[in-house]
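Working through the structure, step by step
Spelled out, the chains give:
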Amino acid sequence: MSVLKKSVLALTVSTSLVMATASLAQPASSEKHAVYATELRQSIFKLLGSNMGPLGAMAKGKIPLDAKVVEKNAVRINQLSLMIADYTRTDTTKFDVKTEALAKIWQEPEHFSKDIDKLTIASSKLIAAAKSTNESDIKKAIGGVGKTCGGCHDDFKEE
Ligand code: HEC
């Protein structure tokens with residue numbers, strides 16, 4: 001078994017623990033709680049966006065590819081992916097918060113967990129590709145991560 005397959009397997013095992021707790025959605029207890037939970041949730045996604053931005057630009061050839069930066073950001077994206085379940089657990093649908101999150105997140109927790117897992121796995125593949133420093137592998141793996149962002153947005157985020 002390749003090192004990559006092994007590490008993906010190890011990640012799948014560790015993220016299944018995350019998935020087990022992800023289905024325990026908790027309704028926000030007050031408007032203040034809902035606002036704070038929404039801020040935390042959006043913070044995770046903002047950080048994902050900030051780490052993905054340069055990688056997208058590298059994949060498109062808008063800025064030079066730098067395998068070290070790709071690896072650093074891919075590690076961050078991987079770690080952030082493991083925080084999504086915790087920071088999306090509070091169901092804020094009963095309150096009037098400014099959000100693009102769809103109620104489906106709390107109605108279809110298994111599906112949402114699967115979309116999180118896809119990002120965890122794609123980012124671990126990107127870490128491995130960045131270590132290999134093979135330019136076309138890296139670009140392909142960046143595309144793989146981007147697909148999982150877009151996939152979850154199609155399923156769980158307002159346009
Ligand atoms: C498992 C689902 C899921 C994955 C995976 C995911 N997102 Fe999102 N993203 C969301 C949801 C839901 C929102 C809306 C959050 C809200 O408004 O409360 C969001 C919002 C965002 C936002 C707007 C944040 C803000 O409020 O300013 C950005 C930027 C973003 N995502 C980038 C990314 C990037 C980049 C990736 C991949 C590296 C990614 N997301 C992966 C579900 C996901």
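My aim in this report is to walk through the structure given alongside it, one point at a time.

Rules used throughout
- Residues numbered from 1 in each chain as written.
- Predicted model: local features only at pLDDT ≥ 70, side-chain atom pairs only at ≥ 80, totals over all residues.
- Axes fitted to C-alpha atoms, helices over the stretch in contact; angles between N-to-C directions.
- Helix = DSSP H or I, 4+ residues; strand = E, 2+ residues; numbered from the N terminus.
- Parallel < 35°, antiparallel > 145°, perpendicular 65-115°, else oblique.
- Left-handed = near helix turned anticlockwise from the far one by under 90°.
- Contact = placed C-beta atoms within 7 Å.
- Nonpolar A, V, L, I, M, F, W, Y, C, P; charged D, E, K, R; others polar.
- Near = placed C-beta within 6 Å.
- Expected span 1.5 Å × (residues − 1).
- Bend = angle between axes of the 7 residues up to and from the residue.
- Buried ≥ 20, exposed ≤ 12 C-beta atoms within 10 Å, placed from the backbone.
- Core = buried A, V, L, I, M, F, W, Y, C linked by C-beta atoms within 7 Å.

In this section: the packing of helix α3 (residues 67-87) against helix α5 (residues 109-132). Contact geometry of α3 with α5 gives a least axis separation of 8 Å together with a crossing angle of 160°. Between α3 and α5, the interaxial angle falls into the category roughly antiparallel. Note on packing geometry: the crossing formed by α3 with α5 is left-handed. Where α3 approaches α5, its residues Ala 67, Val 70, Glu 71, Ala 74, Val 75, Ile 77, Asn 78, Ser 81, Leu 82, Ile 84 and Ala 85 are matched on the opposing element by Ser 113, Ile 116, Leu 119, Thr 120, Ser 123, Ser 124, Leu 126, Ile 127, Ala 130 and Lys 131. Grouping the constituent residues of the contact of α3 with α5 by class yields 13 nonpolar, six polar and two charged.

Turning to the packing of α5 against helix α6 (residues 135-156), a few remarks are in order. One can describe the packing of α5 onto α6 by two numbers: an axis separation of 8 Å at closest approach and a directional angle of 165°. Comparing the axis directions of α5 and α6 gives the class roughly antiparallel. α5 and α6 meet at a crossing whose hand is left-handed. Residues His 111, Phe 112, Asp 115, Lys 118, Leu 119, Ala 122, Ser 123, Lys 125, Leu 126, Ala 129, Ala 130 and Ser 132 of α5 form the contact with α6, whose own contacting residues are Asp 137, Ile 138, Ala 141, Ile 142, Gly 144, Val 145, Thr 148, Cys 149, Gly 151, Cys 152, Asp 155 and Phe 156.

Looking now at the site of the ligand. Lining the immediate environment of the ligand, one finds 24 residues, of which Gln 42, Phe 45, Gly 49, Cys 149 and Cys 152 sit closest. Among the elements of the structure, α2 (31-59), α3, α5 and α6 are those that each provide at least two residues to the shell around the ligand. Take the shell around the ligand: its biggest share by element is eight residues, from α2. A per-class count over the shell around the ligand returns 13 nonpolar, six polar and five charged.

For α2, with 29 residues, the first-to-last C-alpha span of 41 Å sits near the 42 Å given by 1.5 Å per residue. The largest bend in α2 is about 30°, located at Met 52, with the proline Pro 54 one to four residues further on. What α2 keeps buried is the set Ala 34, Ala 37, Arg 41, Leu 48, Asn 51, Met 52, Leu 55 and Met 58. Summarising the contacts, the buried residues of α2 are in contact with α3, β2 (90-91) and α6. Within two residues after α2, Gly 61 carries a phi angle of roughly 80°, on the positive side.

Counting 26 residues, the largest nonpolar core has Val 70, Leu 126, Ala 130, Ile 142 and Val 145 as its most contacted members. For this core, the secondary structure elements donating two or more residues are α2, α3, α5 and α6. Broken down by element, this core gets its largest block of residues, nine residues, from α5. Sequence-distant contacts of Val 70, that is, excluding residues within four places in its chain, are made with Leu 55, Met 58, Leu 126, Ala 130 and Ile 138.

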